[in-house]
Amino acid sequence: MTTQAHVIKTRMPDPAPSPEALLTQVRAALEEMKAKDAVEIDVRGKTSIADYLVVVSGTSTRHVKSVADEVVKFSKKCGVMPLGVEGEREAEWVLVDLGDVIVHVMLPRVREFYALERLWTVGDQPPEPEAEAGDTPEA
């Protein structure tokens, strides 16, 4: 006997909230759950997968999962159902895909290991001026 797989189709509300409105809901959720060291990365023009990435730390696996759950709850307030939530079982790194905003909630050691902020911000800083020959740094 075979059974049909249950398919859940998510879709954005019509009209969809702006990425900035969605980011406001994410910020509120992170503040509510006292998430640590939130960093927002504007990836427009770098990738087509999203407009913003948010990387944040939780203090324990339970906190990481709770923060991710709160992000989902707050996103629903503006009518957005997550396109996907990954990593809830281990809860060392939970990814919440909200379409225009992707939220990474990580334990500090996992965040340090993967260094997503560095990966996505390489080249954003202007190059440091090179010292000319004969120049000595001032003390």
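The shown structure was predicted, so the numbers you read here are calculated from the model rather than taken from an experiment.

> Which residues make up the overall build of the protein, and what are the values?
Counting secondary structure elements, the protein contains 4 helices and 5 strands. For the protein, the proportion of its 139 residues judged to be buried stands at 34%. Looking at the protein alone, contacts between residues at least 24 apart form 60% of all its contacts between residues at least 6 apart.

> Kindly report on unusual backbone geometry, identifying the contributing residues and their values.
With a phi angle near 55 degrees, K34 is a residue other than glycine that sits in the positive phi range. The backbone phi angle of A115 is positive, close to 50 degrees, even though this residue is not glycine.

> Break down the packing of aromatic side chains for me, with residues and values.
Applying the stated rule across the entire model yields 2 aromatic pairs. Measuring from ring centre to ring centre gives 4.9 Å for W93 and Y114, while their planes differ by 50 degrees; the resulting arrangement is tilted. Of this pair, W93 sits in strand 4 (residues 93-97) while Y114 sits in helix 3 (residues 108-114), and the two are 21 residues apart along the sequence. Both rings, one in F113 and one in Y114, keep their centres 4.9 Å apart while their planes meet at 85 degrees; by these two values the pair is edge-to-face. Here the aromatic residues W93, F113 and Y114 are joined through ring pairs into a cluster of three or more.

> Tell me about the sheet that holds strand 3 (residues 84-86), and name the residues and values.
If you trace the 5 strands from one edge of the open sheet to the other, you get 1-2-5-4-3, paired in mixed fashion. Looking at which strands have only one partner, the edges of the open sheet turn out to be strand 1 (36-42) and strand 3. Taking each pair of neighbouring strands and ignoring which way they run, the sheet shows an average axis angle of 10 degrees. Where strand 2 (residues 52-57) and strand 5 (residues 101-106) come together, 6 bridges link them in parallel fashion. By the bridge assignment, L53 is partnered in strand 5 with I102. The strands touched by helix 1 (residues 19-32) within the sheet are strand 1, strand 2 and strand 5, with strand 2 carrying the most contacts at an inclination of about 5 degrees.

> An account of the pairing of strand 4 is requested, with residue identities and associated values reported.
Only one face of strand 4 is covered, namely the face carrying V94 and V96; the face carrying W93, L95 and D97 is uncovered. In this structure, the hairpin formed by strand 3 and strand 4 is closed by a connection of 6 residues, where G87 is found at a positive phi of approximately 90 degrees. With 5 bridges connecting them, strand 4 and strand 5 associate as antiparallel partners. Following the sheet pairing, V96 is matched in strand 5 by V103. Taken together, strand 4 and the strand that follows it, strand 5, pair antiparallel across an intervening segment of 3 residues, in which G99 is found at a positive phi of about 90 degrees.

> So what about helix 2 (residues 61-77)? Which residues, and what values?
A rise of 1.5 Å per residue sets the reference length of helix 2, with its 17 residues, at 24 Å; its end C-alpha atoms lie 25 Å apart and thus fit the reference within 8%. Turning to helix 2, its buried residues number three or more, namely H63, V64, V67, A68, E70, V71, V72, F74 and S75. Of the surrounding secondary structure, the elements contacted by the buried residues of helix 2 are helix 1, strand 3, strand 4 and strand 5.

Calculation notes
Residues numbered from 1 in each chain as written. Predicted model: local features only at pLDDT ≥ 70, side-chain atom pairs only at ≥ 80, totals over all residues. Heavy atoms only, no water. Helix = DSSP H or I, 4+ residues; strand = E, 2+ residues; numbered from the N terminus. Buried < 20%, exposed > 50% of the residue type's maximum accessible area, 1.4 Å probe, protein only. Contact = heavy atoms within 4.5 Å. Phe/Tyr/Trp six-rings, centres within 6.5 Å; stacked < 30°, edge-to-face > 60°. Pairing = 2+ DSSP bridges. Axes fitted to C-alpha atoms, helices over the stretch in contact; angles between N-to-C directions. Expected span 1.5 Å × (residues − 1).

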